[in-house]
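As a plain string of letters, each chain reads:
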Amino acid sequence: MKKLLSNLNIKVSIFYTIALLYLEILAKIIITKHFINDGLLYLILFTFPIVLLLTLLTKIFPKKVNKVLSFILLGIIIVYFEVQFIFYTLFSVPFSFSTIGLADQALDFVTIIKDAILSHFIPFFLFLIPFIVLIILNKKIDYERYHKHNVFTLIFMLIIAYLSTFVSLYPNRRESGSAYKLYYKLDNQASIIDKFGLLTYCKIDIKRQLFGYESEIILEGVEEEPEIIIIKEGEKDYGFNELDLNFDKATNNKNIQTLNNYFSKSQASNKTKYTGMFEGKNLIFILAEGFNEIAVDEVRTPTLYNMIHTGFDFKNFYSPVFLSTTGGEFQATTGLIPTQESLNSWKSKTPTIAYGLGNAFGRIGYRTQSYHNWTYTYYKRQVTMKTLGFDNYLGCGNGLEKRLHTDAELSRMKYACNWLEFDSDMVDVSVDDYLGKEGNFVTYYVTVSGHSPYNSGDNVARRHYDTVKDLNYSSSVKYYLAAQVELDKMLEELVKKLEESGELDDTVIALVGDHYPYTLSTEEMNEAATYKKDGTIEINRSNFVLWNNAMEEPVEVEKVGSQIDVLPTLLNLFGIEYDSRLILGKDILSQSEGIAIFSNHSWVTDYGWYQASSRKFTLRDGKTLDNESEYIKRINNKVTNYFSISKLIVDNNYYTYILGS
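Below is a summary of the structure that appears in this document. Everything numeric here is computed off the predicted structure, so don't read it as measured data.

### A look at the pairing of strand β7 (residues 441–446)
Judged by how many residues are buried, β7 sits mostly within the fold: six of six residues are covered. Taking every second residue as pointing to the same face, both faces of β7 are buried, with Phe 441, Thr 443 and Tyr 445 on one and Val 442, Tyr 444 and Val 446 on the other. Note that strand β3 (residues 282–288) and β7 share five bridges and pair parallel. Paired with Ile 286 across the strands is Tyr 445, a residue of β7. Across six bridges, strand β5 (residues 367–375) lies against β7 in parallel orientation. Looking at the pairing, Gln 369 lines up with Thr 443 of β7.

This is the structure we're talking about:
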C-alpha cells in the first residue's frame, strides 16, 4: 500500500470529478430522496463545467498557490454542502441566500444547530470525507502549473461544456416541470437540486437574488378545474366571497398582468351557513411556538383539549413547516405560501397586505394590538406587524419587558427578556390594554414558551415537569410536552380574564402552531403520537383551535386544511367582505377543494397524499378518481402556481393595485 501511494500521481481534474460527484449524489439522496432518475444525467452534465473551472483555477498559478487554492475552494464547497444539510434537516427546505437577514439574532440557533449536528453526525461526517481525502492525498495530487497551450485548451473545453448544459435544457422545454422551466421559471428548490445538483442550484439561487426571474403561472386547467363549486339541489345558495374587481385595468407590469389573468379565471369560495357566525365578536389569535397535536391531553392540557372538542374540531388540519416561525406566521396571517424570497420581500419591501389579520379587522373598526414575549425585532416583526395592521405591537425591547420585569431584574438580564418567558405572564401584563374597553378588538399573540431545545435547561419545561415525569417517553419528548403545558396555562388565564371582564361569550379564541417541533426526530414525535407519522406529511398534522364559549355544540370538520386556510376561514366566520380569489388559502368550511401544501411541494387533499420526493400518490380509502394521472398533474400545477403567485403578490404589491388600498 505504501509503495502504491508513493507512486501515485493524481490529476487534479480527476480528484475534483470524484469529490464533487460524491458530494452531489450524497446531497441528492439526503435532500430529494432520489438517486437514479433523469436528474442524475443532468447532475453529471452540469457538474462537469464546475470541475473544469476548479481545475483551471488550481492549475494556472505556481504549485504552492494552486495547492492552497485547492484547499480553500473545496473547503468553501463543503461548508456550503454542510450548511444546506443542516438547514434542510431543521427546516425541511433548502437554504437560499435570500434567507440571510430574516432573523436578527441568528446566534440564538447555535444550540439548536449543535444538537442537529450531533443527532445527525453520520451524514454530517460523510460530507467532510472529500476534504479529509484531500488532506491525506494532497502530496500525490498534481498541482504543477499548466503550460499556456494547456490553459487555452482547458478554457475551450470549459466553454463547450458550459454551453452544452444550456443545449440540454431545450428538449421538452414547454412541458410543465421540464428542466428548462425549473432552471429559468419555477420556484421549486428541491426539484432544482434533484435535477441539477446543489452547486447548480447555488448558481441559480445567486442569479435570481441578483437579477430576479420571471415566475411562470400554469393556466392550463384553471378555468375548468373540477373544484368549481356547484350548489347542490336542496342546499341553500348563500352566494360567494367575491368582489366586483376589474382585472382588465391597464398596467405595463407583466407580473401584474399574469396575476390578473390567473385570478380572473379562478373560482371564489362559497359562503355557508357559518358565514357571519361570529360577526360582532372579538378575536384573540395565537400563533403558538412549536405547538403540535401530540401536546393535547385531557389531563395535562385540559383547556386546549376542551377548546378543540367543544369548538370547531378540524380533523385533517396541517401546520406545514416553512422556514421556522416566520413561515408559519406568514401563512396564518396572510393566507399565502411562504418562500424564502417572498418572506424576504415581506420584510424588506413592506407591501400592503390588504387582508392581513390586523388590516382586515381594523378596516371594520376593530381595535388591534399584538404581543410577542421575545425580542420585538426578531424576524423583523417591527416591520411585518405593521404590514399586517398591528401598529401598536409590543415585544421585548420596545416596552413589554418593562411590564414583565422590574428595573432591577432588567439590569441583570442579558437580553430584554429571559430565555424563555412564560406565555401566561404575557397575558397577565397585556389584557388590560384591550379588555373592558369600548368597541371590538382583535389581539394577536406570538408565544415563545414552547421553543426548543427541549432539555433540562428549559426553564419553562422545568416549571411543569412534574406533569410529565412519569411518562414512558424519552427525555426530550417529556420536556417538549412540559413546555406545552405553559401554553395551556396561557389559555386558562385568558379564559379567566375574559370571564372576569364579562367578555368571554363575545370573544373567539383561535390558535395554530407555527410548525411542528422540528428539533424532535420523527421517531421521538411518534412516541407521543396516536398513530405512526412519516417525516414529510403527517409529522405536520396538528390542530386548529377555533372556539367560542357560546357555541351550542361542537362542529367536526373532515376536510383537509392548513395554515393558509386560517385567515379566510376567520374572515368568513366574522362576516368580513373580501374576495376569496385573492387569498390562496380557502375557507375550510366552504366547498372549495381542501389541500395542504408542504415546502418540498408534497401535498394532501381530500382524495389522498402525494410525496414529491418519490412522486408517489396514495388514494384515500373509499375515494375514487376517474383519471388519477390527470388529477395528480392538476394538483401539482396548482401547487407550483401557489408558490409563484405568493411571490408575485408580495413582490409587486398586488393588493394595492387591484384593491386600491
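### Details of the state of the cysteines
In the structure shown here, the tally under the stated rule is one disulfide. For Cys 396, the disulfide goes to Cys 417, at an S-S distance of 1.7 Å. Negative torsions about the S-S bond denote left-handed disulfides, and the value of about -75 degrees found for Cys 396 with Cys 417 makes this one left-handed. Placement of Cys 396 in strand β6 (residues 393–396) and of Cys 417 in the loop between α19 (407–412) and α20 (423–428) is noted, with a sequence separation of 21 residues between them. Judged by relative accessible area, which is 2%, Cys 417 ranks as buried.

### Here's the deal with the pairing of strand β4 (residues 312–318)
Most of β4 sits out of view: six of its seven residues are buried. As paired strands, β4 and strand β10 (residues 544–548) are joined by two bridges and run antiparallel to one another. Each bridged residue has a counterpart across the sheet, and for Phe 312 the counterpart in β10 is Leu 546. The pairing of β4 with strand β11 (residues 555–562) spans six bridges and is parallel. Its bridge partner being in β11, Phe 312 is matched across the sheet by Val 555. Pairing analysis gives two bridges linking β4 to strand β9 (residues 541–542), with the strands arranged antiparallel. Looking across to β9, one finds that Phe 317 is bridged to Ser 542.

Reading the values: the criteria
- Every chain's residues receive numbers from 1 upward, in the order its sequence appears when written.
- Two thresholds apply to this predicted model, a pLDDT of at least 70 for residue-level local features and 80 or more for giving and counting side-chain atom pairs, whereas whole-chain, interface and lining totals are computed over all residues.
- As a convention, hydrogens and water are excluded, and side-chain values are obtained from all of the structure's heavy atoms.
- Only protein chains enter the calculation, and the probe is 1.4 Å; a residue is then buried if its accessible area is under 20% of its type maximum, exposed if over 50%, and partly exposed in between.
- Secondary structure elements are defined from DSSP: runs of H or I of at least 4 residues count as helices, runs of E of at least 2 residues count as strands, and each element is numbered from the N terminus.
- A pair of strands is labelled paired if DSSP reports no fewer than 2 bridges between them.
- Here, two cysteine sulfur atoms that lie within 2.5 Å of each other are counted as a disulfide.

Keep in mind these numbers describe shape, not what the thing actually does.
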